[in-house]
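Listed below, chain by chain, are the residues.
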Amino acid sequence: MSEAGRAVCPVCPRHCRLADGETGFCRARRAEGGRVVCGNYGRIVSLALDPIEKKPLAFFHPGSKILSVGSYGCNLRCPFCQNHSISQHGAGELDFKEAAPAELADLALRLGRERGNIGLAFTYNEPLVGWEFVRDCAAEIRRRGLCGVLVSNGCAEEPVVKDIAPLMDAANIDLKGPSQDFYDWTGGSHAAVCRTIEILHRAGCHVEVTTLVIPGRNDSDDAIDAVAGRIAAISAEIPLHVTRFFPRFLMAGAEPTPVATVLRLVERARRKLAHVLPGNC
Ligand code: SF4
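This part is about the site of the ligand. Close to the ligand lie 13 residues; C9, C12, C16, G24 and C26 are nearest. Class assignment for the residues of the shell around the ligand results in eight nonpolar, three polar and two charged.

Before going further, it helps to spend a moment on the packing of helix α7 (residues 221-234) against helix α8 (residues 259-269). Relative orientation of the contacting elements α7 and α8 amounts to 45°, with a least axis distance of 9 Å. The angle between the axes of α7 and α8 places the two elements in the oblique class. The interaxial crossing formed by α7 with α8 has right-handed handedness. Residue-level inspection shows D221, I224, D225 and A228 of α7 in contact with α8, the latter providing L265, R268 and A269. Looking at the contact of α7 with α8 residue by residue, the class counts come to four nonpolar, no polar and three charged.

This part takes up the pairing of strand β8 (residues 65-70). The buried fraction of β8 is high, at six of six residues. Covered by surrounding structure in β8 are K65, L67 and V69 together with I66, S68 and G70, the residues of both alternating faces. Inspection of the sheet shows strand β7 (residues 46-51) paired to β8 by six bridges, in the antiparallel sense. Pairing of L47 across the sheet is with V69, part of β8.

Compared with an ideal rise of 1.5 Å per residue, which puts 14 residues at 20 Å, α7 spans 20 Å between its outermost C-alpha atoms and is within 8% of the ideal. If you check which residues of α7 are buried, you get A223, I224, V227, A228 and I231. For α7, the angular spread of the buried residues around the axis is 120°, confining them to a single face. Across α7 from its buried face, at more than 90 degrees, point the exposed residues D221, D222 and A233. Contacts made by the buried residues of α7 are with β13 (206-213), β14 (240-244) and α8.

It is worth spelling out the sheet that holds β8 at this point. Sheets are built from strands that pair by backbone hydrogen bonding, the pairs being arranged parallel or antiparallel. On the basis of which strands lie adjacent, the open sheet formed by eight strands has the order β7-β8-β10-β11-β12-β13-β14-β15 and mixed pairing. The sheet terminates laterally at β7 and β15 (276-279), the two strands that pair on one side only. If you compare each strand with its neighbour and ignore which way they point, the axes differ by 20° on average. As paired strands, strand β10 (residues 117-122) and strand β11 (residues 147-152) are joined by four bridges and run parallel to one another. Across the sheet, the residue bridging to F122 is L150, located in β11. The strands touched by helix α2 (residues 101-115) within the sheet are β7, β8 and β10, with β10 carrying the most contacts at an inclination of about 145°.

The rules we used
- Residues numbered from 1 in each chain as written.
- Predicted model: local features only at pLDDT ≥ 70, side-chain atom pairs only at ≥ 80, totals over all residues.
- Near = placed C-beta within 6 Å.
- Nonpolar A, V, L, I, M, F, W, Y, C, P; charged D, E, K, R; others polar.
- Axes fitted to C-alpha atoms, helices over the stretch in contact; angles between N-to-C directions.
- Helix = DSSP H or I, 4+ residues; strand = E, 2+ residues; numbered from the N terminus.
- Parallel < 35°, antiparallel > 145°, perpendicular 65-115°, else oblique.
- Left-handed = near helix turned anticlockwise from the far one by under 90°.
- Contact = placed C-beta atoms within 7 Å.
- Buried ≥ 20, exposed ≤ 12 C-beta atoms within 10 Å, placed from the backbone.
- Pairing = 2+ DSSP bridges.
- Expected span 1.5 Å × (residues − 1).
- Arc of directions from axis to C-beta.

Have a look at this one:
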């Protein structure tokens, strides 16, 4: 797709219009030859064998470990980003190593034999801004009989999510707030995130959702009612993690969320959802 000599990126609702050589808002994609391509393909910034509960996933192979991989870039600008050191930077601002999908999948398989790894999780930065790499790795992982896990802000266009969904065994998607007003603050689309959760769930992927509670922003009864109600409209069986905010990034001077607030909201969300867990408490 192109518009007045600029390529239009179809991956997320921002639809960046880029002249050749320009990089998108996410810092991960760039225009080349009239197309927007995945600029962070195979560029690995973080790689670690994590407990599955850290994703967080509470009801998918509990007690197991998963090789977790991340690159750079994100299509949102949450002032409270807990992972800003890699999500809010691009190439040239941080170190990366290059790896092919088959190499990562072979490493995941070896770690499966040696250390109980169950698969590969795409996480740390926003994976879907580099969805082609996620797709290719997930296909390699599945060929080796391992699990693919997506940890995402969910703010992507429908065709991208539909391509990825059949390759994912589990996902944790952030539903950061109750409405588009909240997403106007972080720079995303509430409707796109809800649609992503629904597509993954309908594709048979095990989905859990996370809401980070920011004092004064999404810590009211009305806010948690709206979040829990929207998830319940897809399925009341989808687990929700209500997690505690710690001061980071542009909100480094804020107070952490009181534990009592998180626990109150957990109880409130349980009116609509079968599985609600506190996080970071
Ligand atoms: S994925 Fe990146 S380049 Fe594409 S529209 Fe979103 S922010 Fe822009």
